[in-house]
Amino acid sequence: MVRLLAPLLGLLLGLGALQVGAQDSRELLLWHGYRGAERQALDALLEEFNRAHPETPVRALAVPFGSFPDKLSAALPRGQGPDLFIYAHDRIGGWSETGHMIAPMEALLPEGVLERFPPSLLDAMSYKGRLYGLPLNFKSTALIYNRALVSAPPATVAEMIDRAQQLTSRERGRFGLAYSYTEPFFHGALMNALGRGPFDNSGELALDSEANIRSLELLESWARHDRVLPEEPNSTLVTNLFNQGRAAMVISGPWLLGEIDPSIDFGVAPLPRLVGERPLSPWIAVEGLFLSPWSKQQQAAVSLMAFLTSTASAERLALEGGHLPANLAAFDNPQLASDPVTMAFRRQLDTAVPIPNHPAMTLLWKPLETVLKKVVKGAAQPADELQRLQEQLSKDLAALENTQRRVAQSEELPLWLSLALLLAVLVAVMALWRQRETIAGSWRQHRTAYLYILPAALGMLLLVFFPLLYGFLLSFTDTTLLNESAPLASRWLGIDNYLSILGDWNLFYGESGQRSINYDNFYWTLFMTVCWTASNVVISVGLALLLALALNKPIFGRTWFRLILILPWAIPNYITALVWKGMFHPQFGVINQGLQVFGFAPVAWFDSVGTSFFTGLVTNVWLSIPFMMVVILGGLQAIPRELYEAARVEGASRWYQFRAITLPLLRPVLVPAVILSVVWTFNMFNVIYLVSDGAPAGANDILITKAFRIGFEKYQYAYAAAYSIVVLALLFMYAVWQTRVSGAFETGRGAAR
Amino acid sequence: MSNSQVQGRPVAAELDLPYRERAQGVLRGALRDVLSWRFALLVFASLVVIYPLLWVVSLAFSGQQSLQLAQDTRDMGFWAQMAALVPLPEQWSLQNFRAVLTEQPFIRWLLNSLVVAGGTTVIGLVLSCTAAYAFSRFRFPGRNRGLMLFLVSQMFPAVLMLIPLYVIVVQWLGLGNSWLGLILVYAITALPFCVWMLKGYFDTLPYEIEESALLEGASRMTIFYRIILPLARPAIAVTGLFSFMTAWNEFILASIFMDDESLYTVPVGLRFFVSDYSSEWGYFAAGSIMVSVPVILLFLALQRFLVSGLSSGAVKG
């Protein structure tokens, strides 16, 4: 065994050493999220830069959108990561408050660079008076219309809705207007037209302002009164409808252009004007070039930024990469200036508003989306709902800002705490010392066993239990986005997080007349999690057992069945989960279509707690059966066939054989599989997040998705850690009980004593 | 479960019969199989499994980035309406596959993934087989607690482990930007399941063989290596497949640890097609199908370990 392993490990270590290789210290590292044509245009520019500046060669690294923010926040605060990176501007506030993520850069800029950009885009890149990056391009939405259905773009909103109503035929699945109207990014156009958006003049949160309430009422009337919008929109659906000529007008951005079917003759125009008010003013996301505070070559990085935002580079990125350049001089390029589509987006910039880069903005996306979804379904009144959201978000914000203030007071680690820690260590050492004889004795006596376990145990200690300890400590602090980099002592809080989780008895909200369940409540979520876990495990283990038994004996076409039945495990579940979500779409999903073929009424799957739960359940069972089936198939191989033969001779029935032979002999394999699948299902993040996403209004969130939302949508890291520790404690209690009941700790038959 | 099926099928003795009668026997057996409840169950299950996958396949082969929406079928007859439920692309095209293969170093990333997943499987199996053997065959202080600790490690949500794992692997061990770091993390992640599963399986193996081997002076290592491991092949196949899959589809850690595009694994490459504004679902579907091919091949190679036992004497299988 050892002979076999040593060369293998050596090989792996060698591979590792080879790859780490020395990095050129003069190199400039640039991270971006581009692919396709956009990336090729960038690469060409970087090559040009490298030819002109051989002393500081640029190396680019593309990072997928889904992991980019995680990668940045893992690397940058620890002094790792790139010299500069390209990212959207709306996180500047949070990053600047965290510290160690981005560096202010106005001092390093060459003369005249700032004049390239319009003031609104420079504002977007600034926070509290400091400039944190150079704008590279902007992404704005505009009205894209099908010329075959709409000859000229509407000038006013009333005109747009009128035209849309004429073109809508809900039974035929045709719509006058389609856009992702439940996403706050798109709804911003209405909020900005009627008022100042989510924040007031002084930068305070003002979601329940008159204007914001009116914006929701306006959307509600489009969706519920004029009925010109499709249900449960998303960007794929909007693209689809437009490509099939089933949506006459859509509100979308330049990213849609590449996907429009060549047979569709389309035009682009700025969004129309509200009668007597401003035009609809969409939010824009500005992609900027940011500087790492750790870069050793900040000056060189800034020259690269200046190069990439120069007019020549901007023209190239626009022409080859489809950018809407932040350097507006590029729009004078004859080829761009003569392109009506590009110029329509350029005109839209004049009325558009950059997304506020206030840290509070990031807290707003998800809850505002929930409110929008409720309002367009008629499940809530705009005014009430916005007031409730304003209250709740103000509370979350105050909690965040409190943590920052507390750090500013910079407390010392309380004396009693350091003493307690010292005492605990002393007690542990003494206990170990007193037990040294026993420990040494048991080591000598059971050395073989310990040696067998040692490698696995060491790995677990380092890569599992250390991170767990980190999470455990974190849960006793008040760490949030805003005080993340402060020393631990000044963040120490004690058990407050646990008290507020377990002491959350606000089971209902609202007056007694119309009380509704508070879906954010811990105990509701726990209840849902238990239902979710129990139903999933029972159904998937039951079905998997049935299928494994059916497959265990020869049958015509067995190899094929076996292969087909493991497919859901083999295909990345990210896409299959989304296919299931699409199948459950209330208006365009095949499941409802199938129901209608058989004469049933379609079901609004994501509108009620039960049906929404069902969508997740079906998807998860479908995904988890193959694994369970393979485990059981493996276990069935351990059952000697002679037992069945003997039973048959005795005249035992099939059912009796199953109960008396199969089940008991399968138990050693089945019990751990069941325990682990309970643990996994309890923490099954993907399916809930991708399929129902907690719909309606977070009722179907389970503890893990809630912990994620607290940690990564509300930025209360410590609270999320405490949530996770509670999850761990619950699962631990379950595991102790289950192992007791099922005797999972038993050793093999006749084990060595 | 009874073995009446086994009784009724052509057994080895029939092989001596003339070809024609043998063929008839096979045919009779097949017919009986097709009419059994097991067959009906398997057909139904396969349909349920295949239907959502058909959407993925038809998206991948459509050459487009988003699926055609269901047609307006209200005026059609029942069967036409049913047929409209089956997802088929308007025209078949390999464009998506071609694009995925040419736009990205897809093959290179696929090979990277094979190295990482292969390494994970080997290291994971070595660590878990030895540990599981000790848990199954020895009784020692701390045994139950140790088993429980393995379980506990699965109970903490992975998203919150990201930062500490980054600190340990990249900053302390200096294994950032290397496959070894990824392999270690994946192998350890898969370990608890592997240990518990193997321990459960080892428990079912009769102890008598080991006992006599011990009496004849064989060492523990020899017994483990020569007797236990060969007997436990089905469980090793299952845990190996599990370790492989743990590494195969993971994307967050892989993209956070790697600072060099030529070292990315294939799930990272796939995620480039999904972004906030627009997603190339056609590319993603085509890539997903290509990614699942090695898994299917691996399963085909392993499946003989999962179906030995009862069927060993049968002609088909």
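Note that this is a predicted model, so its numbers are computed, not measured.

### What to know about the overall build of chain A
Link 1 in the chain: Assigned secondary structure in chain A consists of 30 helices and 14 strands.
Link 2 in the chain: Taken over C-alpha atoms, the radius of gyration comes to 30 Å for chain A, in line with the 27 Å a tight globule of 753 residues would show.
Link 3 in the chain: Seen through its C-alpha atoms, chain A measures out along the principal axes to roughly 85 × 70 × 60 Å.
Link 4 in the chain: Each of the 753 residues in chain A was classed as buried or not, and the buried ones make up 57%.
Link 5 in the chain: Within chain A, counting contacts between residues at least 6 apart in sequence, those at least 24 apart form 72% of the total.
Link 6 in the chain: Per element, the accessible surface of chain A, about 31,500 Å² overall, is 60% carbon and sulfur.
Link 7 in the chain: Both charge centroids of chain A, one from 58 positive and one from 61 negative side chains, sit 12 Å from each other.

### Remarks on the overall build of chain B
Link 1 in the chain: Along its length, chain B carries 15 helices and zero strands.
Link 2 in the chain: The proportion of buried residues among the 317 residues of chain B is 60%.
Link 3 in the chain: Residue pairs in contact within chain B that sit at least 24 positions apart in sequence constitute 78% of those at least 6 positions apart.
Link 4 in the chain: Of the accessible surface of chain B, which amounts to about 12,700 Å², a share of 65% is contributed by carbon and sulfur atoms.

### Describing the UniProt feature "transmembrane region" (unreviewed entry) in chain B
Residues and elements named next belong to chain B.
Link 1 in the chain: UniProt feature "transmembrane region" (unreviewed entry): in the numbering of this structure it lies at residues 39-61, 109-135, 147-173, 179-202, 223-248 and 281-302.
Link 2 in the chain: Secondary structure across residues 39-61 divides into 96% helix and 0% strand, with the first and last C-alpha atoms of the span separated by 30 Å.
Link 3 in the chain: Helix makes up 100% of residues 179-202 and strand 0%. Its end C-alpha atoms lie 31 Å apart.

### A closer look at the nonpolar core
Link 1 in the chain: Of all hydrophobic cores here, the largest spans 292 residues; its most connected members are W31, L72, F85, L304, L308 and I632 of chain A together with F257 of chain B.
Link 2 in the chain: The element best represented in this core is helix α9 (residues 179-204) of chain B, accounting for 18 residues.
Link 3 in the chain: Filtering out sequence-adjacent residues up to four positions away, L308 of chain A remains in contact with L42, L45, L46, L136, L289, S313, A314 and L317 of chain A.
Link 4 in the chain: If you look at the next biggest cluster of nonpolar residues, it comprises 59 residues, including A193, L194, L229 and L481 of chain A.

### Section: the sheet that holds strand β10 (residues 266-269) of chain A
Hydrogen bonding along the main chain pairs the strands of a sheet, whether they run parallel or antiparallel.
Residue and element names in this part refer to chain A.
Link 1 in the chain: Across the sheet, which stays open at both edges, the four strands sit in the order β8-β9-β7-β10 with mixed pairing between neighbours. Bordering the open sheet on either side are β8 (175-178) and β10, each of which pairs with just one other strand. Adjacent strand axes in the sheet meet at a mean angle of 15 degrees, parallel and antiparallel pairs treated alike.
Link 2 in the chain: Where strand β7 (residues 142-146) and β10 come together, four bridges link them in antiparallel fashion. Counted as the bridge partner of I144 is V268 from β10.
Link 3 in the chain: Helix-sheet contacts for helix α13 (residues 340-351) involve β7, β9 (247-252) and β10, and the interaxial angle to β10 is about 25 degrees.

### Description of the UniProt feature "domain: ABC transmembrane type-1" (unreviewed entry) in chain B
Link 1 in the chain: According to UniProt, the positions carrying the feature "domain: ABC transmembrane type-1" (unreviewed entry) are residues 110-302 of chain B.
Link 2 in the chain: Segment residues 110-302 of chain B splits into 75% helix and 0% strand. End C-alpha atoms: 20 Å apart.

### Describing the interface of chain A and chain B
Link 1 in the chain: Facing the 152 residues of chain A at the interface are 162 residues of chain B.
Link 2 in the chain: Where chain A abuts chain B, roughly 15,100 Å² becomes buried across the two surfaces, and 71% of that area is made up of carbon and sulfur atoms.
Link 3 in the chain: Counting across the interface, chain A meets chain B through four salt bridges.
Link 4 in the chain: For K71 of chain A, the salt bridge identified is with D259 of chain B, shortest N-O distance 3.0 Å.
Link 5 in the chain: Viewed at the interface, chain B and chain A are joined by 23 residue pairs in polar contact (both at pLDDT 80 or more).
Link 6 in the chain: The greatest single-element share of the side of chain A that touches chain B, amounting to 18 residues, is contributed by helix α18 (residues 447-474) of chain A.
Link 7 in the chain: Each residue belonging to the side of chain A that touches chain B can be placed in one class, and the counts come to 99 nonpolar, 32 polar and 21 charged.

### A closer look at unusual backbone geometry
All names here are of chain A.
Link 1 in the chain: Look at the link from A695 to P696: it is a cis peptide, with omega at -10 degrees.
Link 2 in the chain: Within the secondary structure layout, P696 lies in the loop between α28 (685-692) and α29 (703-713).
Link 3 in the chain: The residue Y715 is not glycine, and still its phi comes out positive at about 60 degrees.
Link 4 in the chain: On the secondary structure map, Y715 appears in the loop between α29 and α30 (717-742).

### Observations regarding the domain arrangement of chain B
All names here are of chain B.
Link 1 in the chain: Its domain assignment divides chain B into domain 1 (4-96) and domain 2 (99-309).
Link 2 in the chain: Placing a centre on the C-alpha atoms of domain 1 and another on those of domain 2 gives a separation of 32 Å.
Link 3 in the chain: The partner domain 2 presents nine residues to the eight residues of domain 1 that form the contact.
Link 4 in the chain: Summing both sides of the interface, domain 1 and domain 2 together bury roughly 700 Å²; the carbon and sulfur share of this comes to 66%.
Link 5 in the chain: When the buried area of domain 1 at its contact with domain 2 is split by residue, A60, Q65 and N96 rank highest and sum to 63% of it.

### Notes on the state of the cysteines
Residues and elements named next belong to chain B.
Link 1 in the chain: Counted according to the given criterion, the structure contains zero disulfides over all chains.
Link 2 in the chain: No disulfide involves C129; its sulfur sits 8.4 Å from the nearest other cysteine sulfur, which is in C194.
Link 3 in the chain: The class for C129 is buried, based on a relative accessible area of 5%.
Link 4 in the chain: Residue C194 is classed as buried on the basis of its relative accessible area of 0%.

### Describing the pattern of salt bridges
Residue and element names in this part refer to chain A.
Link 1 in the chain: Throughout the structure, instances matching the rule amount to 28 salt bridges over all chains.
Link 2 in the chain: D350 serves as the salt-bridge partner of R346, at 3.2 Å between the closest nitrogen and oxygen. You can see R346 and its partner D350 sitting in helix α13, four residues apart, about one turn around the helix.
Link 3 in the chain: The network of salt bridges with common partners includes K366, D693, D701, R709 and E713.

Procedures and definitions
- Residues numbered from 1 in each chain as written.
- Chains lettered and ligands numbered in written order.
- Predicted model: local features only at pLDDT ≥ 70, side-chain atom pairs only at ≥ 80, totals over all residues.
- Heavy atoms only, no water.
- Helix = DSSP H or I, 4+ residues; strand = E, 2+ residues; numbered from the N terminus.
- Rg over C-alpha atoms; globule rule 2.2 N^0.38 Å.
- Buried < 20%, exposed > 50% of the residue type's maximum accessible area, 1.4 Å probe, protein only.
- Contact = heavy atoms within 4.5 Å.
- Areas by Shrake-Rupley, 256 points an atom, 1.4 Å probe, with all protein chains shown as cover.
- Lys, Arg positive; Asp, Glu negative; His and termini not counted.
- Charge placed at Lys NZ, Arg CZ, Asp CG, Glu CD.
- UniProt positions renumbered as here; feature names shortened; annotations may be inferred.
- Core = buried A, V, L, I, M, F, W, Y, C linked by side-chain atoms within 4.5 Å.
- Pairing = 2+ DSSP bridges.
- Axes fitted to C-alpha atoms, helices over the stretch in contact; angles between N-to-C directions.
- Buried area = accessible area lost by both parts, 1.4 Å probe.
- Salt bridge = Lys/Arg side-chain N within 4 Å of Asp/Glu carboxyl O.
- Polar contact = N/O pair within 3.5 Å; in protein donor to acceptor, adjacent residues only side chain to side chain.
- Nonpolar A, V, L, I, M, F, W, Y, C, P; charged D, E, K, R; others polar.
- Domains from an automatic or database assignment.
- Disulfide = S-S within 2.5 Å.

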